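Below are the chains, spelled out letter by letter.
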Amino acid sequence: MDNLKKIADELKKAHSEGKNAVELALLSREKLGAGFGAISFIASFRLAFDIPLPVLQQAQAWQQFGWGGRQMSDEEFSAILTPWLTKQ
């Protein structure tokens, strides 16, 4: 959990520097490395931005994650997450 907290803090900092939802997700994947997956993505974004679980579950369909099923475009991904990021 300490690693996820550290990554959440890095996501907050990157967001304050102007990174958008797509850039933050890619940063999360980079920082988590081999530990990156649906659960770690959800946990890191939830810790960083307090995004509701159903929103993050929906965001898992982003095409860049490649987890199968319905594939969500960058635009759809950003549209789902941006309202929650702007609350910060």
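Going by the structure above, here's the rest.
Quick caveat: nothing in here was measured; it's all calculated off a predicted structure.

The rules behind each value
Residues numbered from 1 in each chain as written. Predicted model: local features only at pLDDT ≥ 70, side-chain atom pairs only at ≥ 80, totals over all residues. Heavy atoms only, no water. Helix = DSSP H or I, 4+ residues; strand = E, 2+ residues; numbered from the N terminus. Expected span 1.5 Å × (residues − 1). Buried < 20%, exposed > 50% of the residue type's maximum accessible area, 1.4 Å probe, protein only. Contact = heavy atoms within 4.5 Å. Salt bridge = Lys/Arg side-chain N within 4 Å of Asp/Glu carboxyl O. Polar contact = N/O pair within 3.5 Å; in protein donor to acceptor, adjacent residues only side chain to side chain. Core = buried A, V, L, I, M, F, W, Y, C linked by side-chain atoms within 4.5 Å.

**Considering helix α5 (residues 74-85)**
If you check α5, its first and last C-alpha atoms are 15 Å apart, about what 12 residues at 1.5 Å a residue would give, namely 16 Å. If you check which residues of α5 are buried, you get Phe 77, Ser 78, Ile 80, Leu 81 and Leu 85. For α5, the secondary structure elements touched by its buried residues are α1 (2-16), α2 (21-32), α3 (38-49) and α4 (53-59).

**Comments concerning the pattern of salt bridges**
Enumeration over the complete set of coordinates arrives at four salt bridges. A salt bridge links Glu 10 to Lys 31, with the nearest nitrogen and oxygen atoms 3.2 Å apart. Of this pair, Glu 10 sits in helix α1 while Lys 31 sits in helix α2; the two residues are 21 residues apart in sequence, bridging distant segments of the chain. For the salt bridge of Asp 50 with Arg 46, the shortest nitrogen-to-oxygen distance reads 3.8 Å. You can call Asp 50 exposed: its relative accessible area is 55%. With a relative accessible area of 36%, Arg 46 lands in the partly exposed category.

**Side note on α2**
Its 12 residues place the ends of α2 16 Å apart at the C-alpha level, agreeing with the 16 Å of an ideal helix rising 1.5 Å per residue. Check the buried side of α2 and you find it contacts α1, α3 and α5. Of the residues flanking the start of α2, the one acting as N-cap is Asn 20, its side-chain oxygen 3.0 Å from the backbone nitrogen of Val 22. Remark: Gly 33 follows α2 within two positions and exhibits a positive phi of approximately 55 degrees.

**Remarks on the nonpolar core**
By size, the foremost hydrophobic cluster in this structure holds 29 residues, and its most contacted members are Leu 11, Phe 41, Phe 45, Phe 49, Ile 51, Phe 77 and Leu 81. It is α2 that contributes the most residues to this core, six residues altogether. When sequence neighbours within four positions are dropped, the list of residues in contact with Phe 77 reads Ala 21, Val 22, Ala 25, Phe 41, Ala 59, Trp 62, Phe 65 and Met 72.

**A closer look at the environment of Gln 64**
Tracing the backbone through its elements, the reader meets Gln 64 in the loop between α4 and α5. Judged by its relative accessible area of 34%, Gln 64 is partly exposed. Sequence separation of Gln 64 and Phe 77 is 13 residues, and the distance between their C-alpha atoms is 9.8 Å. Those residues within four positions of Gln 64 in sequence are excluded, and the remaining contacts are Leu 26, Arg 29 and Asp 74.

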